[in-house]
Amino acid sequence: VQLQASGGGLVQAGGSLRLSCAALVRTFSSYDMGWFRQVPGKERECVAIKSWNGADTYCADSVKGRFTISRDNAKNTVYLQMNSLKPVDTAVYYCAARWGSGSYFYSKPYDYRYWGQGTQVTVSS
């Protein structure tokens, strides 16, 4: 599985960005997809998960109501729409994939085997 993340950039506080993660895999619909983020000196944290069955969860309380995760199985792509961005959202954002099973939301980085290269999001105040 190869993952290619894109869509990061520099935006002012209150602005929006949409991240995309394209997966090179034949059975994309069978994978749980996650967005994680990391700032220097801190551990990588889960932002949102879109499971193989379409359910989703937002791991970080701070993004609830502002971020939306979605997937397009026909395009082998998962998205993260980020609205009302804040300077604290500044981080490198990574997409990740794991083979899906059941209904449990896996939110730890070590649960995911496949990772994209990361895309920088910088929110200025």
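Here, the structure is the one placed above.
Residues numbered from 1 in each chain as written. Predicted model: local features only at pLDDT ≥ 70, side-chain atom pairs only at ≥ 80, totals over all residues. Heavy atoms only, no water.

## What to know about the pattern of salt bridges
- Tallied over the full model, the rule gives 6 salt bridges.
- Across the pair Arg-98 and Asp-32 runs a salt bridge whose closest N-O atoms are separated by 3.4 Å. With Arg-98 in strand S9 (residues 91-99) and Asp-32 in strand S4 (residues 31-38), this pair connects stretches of sequence that are 66 residues apart.
- Its relative accessible area of 14% is what places Arg-98 among the buried residues.
- With relative accessibility at 1%, the residue Asp-32 sits in the buried group.
- With its nearest N and O atoms 3.0 Å apart, the salt bridge here joins Arg-37 to Asp-89. Of the two residues, Arg-37 sits in strand S4 while Asp-89 sits in the loop between strand S8 (77-82) and S9, which places them 52 residues apart along the sequence.
- Residues joined by salt bridges that share partners form a network here, namely Arg-37, Glu-45, Arg-66 and Asp-89. (Salt bridge = Lys/Arg side-chain N within 4 Å of Asp/Glu carboxyl O. Helix = DSSP H or I, 4+ residues; strand = E, 2+ residues; numbered from the N terminus. Buried < 20%, exposed > 50% of the residue type's maximum accessible area, 1.4 Å probe, protein only.)

## Quick word on unusual backbone geometry
- For Asn-76, which is not glycine, the phi torsion reads 55 degrees and is therefore positive.
- For Asn-76, a relative accessible area of 18% gives the class buried.

## As for the nonpolar core
- Counting residues in hydrophobic clusters, the biggest one holds 29 residues, and the most contacted among them are Met-33, Trp-35, Val-47, Phe-67, Leu-80, Met-82 and Tyr-93.
- Going through the elements one at a time, strand S1 (2-6), strand S3 (17-24), S4, strand S5 (45-50), strand S7 (67-72), S8, S9 and strand S11 (119-124) are the ones with two or more residues in this core.
- Those residues within four positions of Leu-80 in sequence are excluded, and the remaining contacts are Leu-17, Arg-18, Leu-19, Trp-35, Val-47, Ala-48, Phe-67, Thr-68, Ile-69 and Tyr-93.
- In this structure, Phe-36, Cys-46, Ile-49 and Tyr-112 belong to the second largest nonpolar core, which totals 5 residues. (Core = buried A, V, L, I, M, F, W, Y, C linked by side-chain atoms within 4.5 Å. Contact = heavy atoms within 4.5 Å.)

## Examining the packing of aromatic side chains
- In the structure shown here, the tally under the stated rule is 7 aromatic pairs.
- Arranged with centres 5.3 Å apart and planes meeting at 70 degrees, the rings of Phe-36 and Tyr-112 form a pair that is edge-to-face. Remark: Tyr-112 occurs in the loop between S9 and strand S10 (114-115) and Phe-36 occurs in strand S4; sequence separation between them is 76 residues.
- Of the residues examined, Phe-36 reaches a relative accessible area of 0% and is grouped as buried.
- Note on Tyr-94 and Trp-115: the rings are 6.4 Å apart at their centroids and 80 degrees apart in plane angle, and the pair reads as edge-to-face. Within this pair, whereas Tyr-94 is found in strand S9, its partner Trp-115 is found in strand S10, the two being separated by 21 residues in sequence.
- Its relative accessible area of 14% is what places Tyr-94 among the buried residues.
- Exposure remark for Trp-115: the relative accessible area of 25% places this residue in the partly exposed category.
- By the ring-pair criterion, three or more aromatic residues cluster together here, those being Phe-36, Tyr-94, Tyr-112 and Trp-115. (Phe/Tyr/Trp six-rings, centres within 6.5 Å; stacked < 30°, edge-to-face > 60°.)

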